[in-house]
Amino acid sequence: MGVEKLKYKDKLKNKNEDIYILALESSCDETAAAVNKNGLEVMANVVSSQVEIHKKFGGVVPEIASRKHLELLLPVIDQALAEAGIKFEDLDAVAATSGPGLVGGLLVTLTAAKTISLALNIPLIGVNHIAGHIYANFIANPEIKKPLLCLTISGGHTDLLYFEDLRGYQILGRTIDDAAGEAFDKISRFLGLGYPGGPAIEKAAQTGNEEAIDFPRADLGKSYNFSFSGLKTSVMNYVNNEKQRGNEINTSDLAASFQKAVVDSLASNLLQAVEEYKVESVVLSGGVAANQRLRSYLEEKLEKYNLKLYYPPLELCTDNAAMIGAVAYYQYLERDFAPLSISADPSLKL
Amino acid sequence: MLTLAIDSSTDNLGLALMESGQLRGEFNLSLKRQHSEKLLPLMEEIFELLEIEAKDLDGAAVATGPGSFTGLRIGITTAKMLGRIFAIPVKGIPTLEIMAAGAAGAYRLALLDARRERVYYAFYQQPEADSDDFIKEIYPPAAVRIAELPEVLNDYSQKQITIIGEKKLEVGKVLKASNFSIKYGEPESDLPRAAVLARLGENYLKRGQKDDIYQLKPAYLKKPQAEINWQQKYGSN
């Protein structure tokens, strides 16, 4: 990182100056470009979705997505610059998602960003897509007070993060086995409820009694880590035992009890951290943040601390580049620049 | 006129700078799947070593394949962005044409491995002495089963053909068995060389032959596997 800092040292701006960043994103099936001013001010946010193209295949086809990203690259960049009313020469930095995601797709905008960096002699910033989804909250709710806790929960992540300010975060805990969304998916498939598992379980749970079955909550002592594989095994054992005994299984009660066990595990670490870290806000991000039971339970528990729970609005839950630009701004202030040799990392961690 | 050549279509990562007919510098490195990490650092290095800035460029030439899908996109993305940022013309040139233009012989068969007993091929001839072209295309790039090549090249069975590129020995054996007169190109012509791409690119751009950067895309010559599977199952569309 040191070399990059020196390379641009004469032109780097500070926090009190206006900083314009072009951000690019192509980690899955959206080709996106955005221009952000000073991080959270979104001047343009262009997203070109390929959802229709992939529909007939029943999922995103990586090679088709990559080909489409290349075709859409210049049009989305042009539109973003036009909407923001700025030129390449006005940019202070260029950012792109470096992972996680589909490597072929990631490489299109990452290569474009590298070329812009070299051509204009401005810093290149590689952004973690998951961090982007967290910062989508800060774009939507700029009033969020710091310090804050963020629970990032999706099919690939279960991370509890502490933010002193928006310049960086500390990972307090993460899952030691399955991610929360992964547990939902696995149990949903096991129960024949379909994919994605989160909404399927939530729907089945609506009419169920969440106290019907007492599933275990992982106790990892004082750590803020999570574990869901024991719960998963326990659900499977329960179903197999009941079947052996010839008992009929009440799927609604089972789904509700399982969901509550996941919610309790997530909530107990979060609330323990709320006690310890004296935060001003709590933020959810990731697909599982859409779970209504989790939201209502946390809202109820956070009331006594007088804390508001934030979660991203639906329109910022889909992939976009504005959220990448928001993260990039804080990396810029930290002079956290990427070398031109940076590669895409399909399984990049926070 | 300063032309930058970019080729990441095969294992060879190529970069060259040609200034009005004079080669300023060239990298050809057999790197295999490291093109994403190496292309821009090497470009920065060649600029620094030759004391050139990106904004000095007057044009860019890029190899369009066939080749590694990901590799092709890396080079073409880079060329598109340079074209867009500096408003300079960009010309895409088939990888097989670069290979053929870098070889000798009246008739040249350029090859790249397409796997499973198949090759990508293109067939060229030496242009007439008074022509401005460096190479004259007879058959454009396409994929073919190696066993079918004698039939494809049947009209030229009496000519001496120089074979270059991947699988040249295997293809040569098949053609010889059908009584073709063949010759193998030198090893350095088995790879698309960046200097040749730069020479071709400069020649095209000088004559005003450039591509629309918004339309420029790789010559994949192969549909994505998912598309092939889908069509086999449901027919076309």
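In this text the structure is predicted, and so the values were computed from the model without any measurement.

## Thoughts on the UniProt feature "domain: Gcp-like" (unreviewed entry) in chain A
Here comes step 1: When the UniProt feature table is mapped onto this chain numbering, "domain: Gcp-like" (unreviewed entry) sits at residues 41-325 of chain A.
Here comes step 2: The straight-line gap between the two end C-alpha atoms of residues 41-325 of chain A is 10 Å; of that span, 48% is helix and 17% is strand.

## Side note on the interface of chain B and chain A
Here comes step 1: Taken together, the contact between chain B and chain A spans 33 residues of the former and 32 residues of the latter.
Here comes step 2: Here B:Glu44 and A:Lys7 are joined by a salt bridge, their closest N and O atoms 2.8 Å apart.
Here comes step 3: Run the count over chain B and chain A and you get 9 residue pairs in polar contact (both at pLDDT 80 or more).
Here comes step 4: Looking at the side of chain B that touches chain A, the elements with two or more residues in it are α1 (35-49), α2 (69-86) and α7 (225-234) of chain B.
Here comes step 5: Ranked by the residues each element gives to the side of chain B that touches chain A, the list is headed by α2(B), at 13 residues.
Here comes step 6: Classifying every residue of the side of chain B that touches chain A gives 19 nonpolar, 5 polar and 9 charged.

## Let's talk about the domain arrangement of chain B
Many descriptions give the size of an interface as the accessible area lost when the pieces come together.
Residues and elements named next belong to chain B.
Here comes step 1: If you check the domain split of chain B, you get domain 1 (2-95 + 191-222) and domain 2 (96-189).
Here comes step 2: Centre-to-centre, using C-alpha coordinates, domain 1 lies 24 Å away from domain 2.
Here comes step 3: Residue-level contacts link 21 residues of domain 1 with 16 residues of domain 2.
Here comes step 4: Together, the buried faces of domain 1 and domain 2 total about 1600 Å²; carbon and sulfur atoms form 63% of this surface.
Here comes step 5: Inspection of the domain 1/domain 2 interface yields 1 salt bridge.

## Looking at helix α7 (residues 197-205) of chain A
One turn of the α-helix equals 3.6 residues, which is why residues spaced by three or four share an orientation.
Here comes step 1: Every buried residue of α7(A) is listed here: A:Gly197, A:Ala200, A:Ile201, A:Glu202, A:Ala204 and A:Ala205.
Here comes step 2: Close packing links the buried residues of α7(A) with α6 (180-190), α9 (251-277) and α10 (292-302) of chain A.

## Describing the environment of B:Glu137
All names here are of chain B.
Here comes step 1: Here glutamate 137 lies in strand β8 (residues 136-145).
Here comes step 2: Measuring from C-alpha to C-alpha, the distance between glutamate 137 and glycine 208 comes to 19 Å, with 71 residues separating the pair along the chain.
Here comes step 3: In contact with glutamate 137, not counting residues within four places along its chain, are Phe123 and Tyr124.

## So, the packing of helix α4 (residues 103-120) of chain A against α1(B)
Here comes step 1: Axis separation between α4(A) and α1(B) bottoms out at 10 Å; the angle between their running directions is 15 degrees. As far as their axial angle goes, α1(B) and α4(A) are roughly parallel. Relative to α1(B), α4(A) is oriented so that their crossing is right-handed. When α4(A) is examined against α1(B), the residues A:Leu107, A:Thr111, A:Lys114, A:Thr115 and A:Leu118 are found in contact with a partner set consisting of B:Ser36, B:Glu37, B:Leu40, B:Met43, B:Glu44 and B:Phe47.
Here comes step 2: Considering only residue class, the contact of α4(A) with α1(B) consists of 5 nonpolar, 3 polar and 3 charged.

## So, the packing of helix α3 (residues 62-84) of chain A against α4(A)
Residues and elements named next belong to chain A.
Here comes step 1: Put simply, α3 and α4 touch, their axes get as near as 8 Å, and they point 25 degrees apart. Between α3 and α4, the angle is such that the two are roughly parallel. Viewed along their axes, α3 and α4 form a crossing whose handedness is right-handed. Seen from α3, the contacting residues are Ser66, His69, Leu70 and Leu73; seen from α4, they are Gly104, Gly105, Val108, Thr109 and Ala112.
Here comes step 2: Of the residues belonging to the contact of α3 with α4, the class tally is 4 nonpolar, 5 polar and no charged.

Calculation rules
Residues numbered from 1 in each chain as written. Chains lettered and ligands numbered in written order. Predicted model: local features only at pLDDT ≥ 70, side-chain atom pairs only at ≥ 80, totals over all residues. Heavy atoms only, no water. UniProt positions renumbered as here; feature names shortened; annotations may be inferred. Helix = DSSP H or I, 4+ residues; strand = E, 2+ residues; numbered from the N terminus. Contact = heavy atoms within 4.5 Å. Salt bridge = Lys/Arg side-chain N within 4 Å of Asp/Glu carboxyl O. Polar contact = N/O pair within 3.5 Å; in protein donor to acceptor, adjacent residues only side chain to side chain. Nonpolar A, V, L, I, M, F, W, Y, C, P; charged D, E, K, R; others polar. Domains from an automatic or database assignment. Buried area = accessible area lost by both parts, 1.4 Å probe. Buried < 20%, exposed > 50% of the residue type's maximum accessible area, 1.4 Å probe, protein only. Axes fitted to C-alpha atoms, helices over the stretch in contact; angles between N-to-C directions. Parallel < 35°, antiparallel > 145°, perpendicular 65-115°, else oblique. Left-handed = near helix turned anticlockwise from the far one by under 90°.

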